Amino acid sequence: IDGRSAKAQSALAELLDVVWLTPQMDGLWRDGASERRRFLDRLVFAFDPAHAGRVAGYENSLRQRTRVLQEGQADPHWLSALEEGLAERGVAIAAARAALVERLNQAIAERQTAGRFPRAGLSLTGQVDQWLAEATALEVEERLRAALVDSRWRDAEQGGAAVGPHRSDLGASHLEKGVEAGLCSTGEQKALLVGLILAHARLVALERGRPPLLLLDEVAAHLDAARRDGLYEEILSLGLQAWLTGTEAAVFQPLESRAQVLNVTAGAVRAAGLTGQQRSC
């Protein structure tokens, strides 16, 4: 960055926000809770670069605590220190997630019509999330620390921890239909996900004062023509830099006069028109 080696990827996040979708994420609403937590944490990271460090630190402490418990000869002071750190980081993680979900829900609600993509209503479920809705962060830290102490023997047998933000889940519903995302059709689930990413990009641009970099891998090809046009309109209206990949030039025809097209063939990148004809860079 500016000619100097960055110590960590988080340094780039101070200058650039990145939002992305890949085909592997299409099953988000059908996959396990861990995938949805990772997805939500990436969205939080755009607003709070330190969030990634807290999540990594929490997971590391959780592994250390499991190892200490299963060894059966734990130093009580070390164990208490690990649990204290887990409670502090865990509540910070849960609070950051809750704050973003609230802001996203508000941003989505302010768009009175769904447009080409359905509006998603988001929610968080989990013990720590419920506590945060009822008490202050300091009170929740104490509750989580006490819960970790109480579950030591069970956690030693089963591994991990019975309570914490690693047990939380992100829920979503189709607001216009009042149906949970997991019960929607495959096409509706895809559209909900795209709409959520676009809402997040709008929120980043509004709150951070700069639009994010949007990376969409094989997204347009799996949308019908109306939603594809809607996607392009949203991207252009946001005024952000977007990279879209695809194997069929016709999919991007509506963008012909408003986008640069690059062909990637045999390890080489060349500028080209949407007809597939190569031209010099």
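Note that the coordinates shown come from a computational prediction; the quantities given were computed from them, not determined experimentally.

Colleague: Explain the environment of Ser-168 here, please?
Modeller: Position of Ser-168 relative to the elements: it lies in the loop between helix H7 (152-158) and strand E3 (169-174). For Ser-168, a relative accessible area of 1% puts it in the buried group.

Colleague: What's the story with a nonpolar patch on the surface in this structure? I'm lost.
Modeller: A contiguous nonpolar surface patch, about 560 Å² in accessible area, is contributed by Trp-20, Leu-215, Trp-243, Leu-262, Val-264 and Val-269. By the secondary structure assignment, Val-269 is in strand E8 (residues 268-271). Take Val-269: its relative accessible area is 52%, and that puts it in the exposed class.

Colleague: I tried to follow the layout of surface pockets on my own but got confused; where do I start?
Modeller: In this approach a probe as big as a water molecule rolls over the atoms, and the regions it shows empty are the leftover space. Estimates place the volume of the largest pocket at around 780 Å³. Along the wall of the largest pocket there are 27 residues; nearest its centre are Trp-243, Leu-244, Gln-260, Val-261 and Leu-262. Elements represented by at least two residues in the lining of the largest pocket include exactly helix H9 (225-238), strand E6 (242-245) and strand E7 (262-265). Per-class residue counts for the lining of the largest pocket are 16 nonpolar, nine polar and two charged. Within this model, the second largest pocket holds a volume of roughly 410 Å³. As for the second largest pocket, its lining consists of 18 residues, and the residues nearest its centre are Arg-37, Arg-38, Asp-41, Val-55 and Glu-59. By residue class, the composition of the lining of the second largest pocket is nine nonpolar, three polar and six charged.

Colleague: Could you clarify how one ought to interpret the sheet that holds strand E2 (residues 120-125) in this entry?
Modeller: Sheet strands line up and pair through hydrogen bonds in the backbone, either parallel or antiparallel. The three strands are arranged E2-E3-E4 in an open sheet whose pairing can be described as antiparallel. Of all the strands in the sheet, just E2 and strand E4 (179-180) have a single pairing partner and so form its edges. Pairing geometry for E2 and E3, over six bridges, is antiparallel. Paired with Leu-124 across the two strands is Leu-170, which belongs to E3.

Colleague: Is there a simple way to think about the side chain of Arg-65 in this case?
Modeller: When you line up the elements, Arg-65 lands in helix H3 (residues 50-71). For Arg-65, the side chain forms a polar contact with the side chain of Asp-155, separated by 3.0 Å.

Colleague: Could you clarify how one ought to interpret the pattern of salt bridges in this entry?
Modeller: Two side chains of opposite charge can pair, provided their charged atoms sit close to one another. A complete count under the given rule lists 16 salt bridges for this structure. The partner of Lys-190 in a salt bridge is Asp-26, and the shortest N-O contact between them spans 2.8 Å. One end of the pair, Lys-190, is in helix H8 (residues 186-208); the other, Asp-26, is in the loop between strand E1 (18-21) and helix H2 (33-45), and 164 residues separate them in sequence. What makes Asp-26 partly exposed here is its relative accessible area of 24%. Across the pair Glu-207 and Arg-103 runs a salt bridge whose closest N-O atoms are separated by 3.0 Å. Of this pair, Glu-207 sits in helix H8 while Arg-103 sits in helix H4 (residues 76-110), and the two are 104 residues apart along the sequence. A cluster of three or more residues bridged by salt bridges with shared partners is formed by Arg-65, Glu-83, Arg-152 and Asp-155.

Basis of the calculations
Residues numbered from 1 in each chain as written. Predicted model: local features only at pLDDT ≥ 70, side-chain atom pairs only at ≥ 80, totals over all residues. Heavy atoms only, no water. Helix = DSSP H or I, 4+ residues; strand = E, 2+ residues; numbered from the N terminus. Buried < 20%, exposed > 50% of the residue type's maximum accessible area, 1.4 Å probe, protein only. Patch = residues over 30% accessible without salt bridge, like charges linked within 9 Å, V, L, I, M, F, W, Y side chains within 5 Å. Areas by Shrake-Rupley, 256 points an atom, 1.4 Å probe, with all protein chains shown as cover. Salt bridge = Lys/Arg side-chain N within 4 Å of Asp/Glu carboxyl O. 1 Å grid on protein atoms, 1.4 Å probe; cavity = no way out; pocket = protein on both sides within 12 Å on 5 of 7 lines; lining within 4 Å. Points joined across faces, edges and corners; volume = space filled by probe spheres on them. Nonpolar A, V, L, I, M, F, W, Y, C, P; charged D, E, K, R; others polar. Pairing = 2+ DSSP bridges. Polar contact = N/O pair within 3.5 Å; in protein donor to acceptor, adjacent residues only side chain to side chain.

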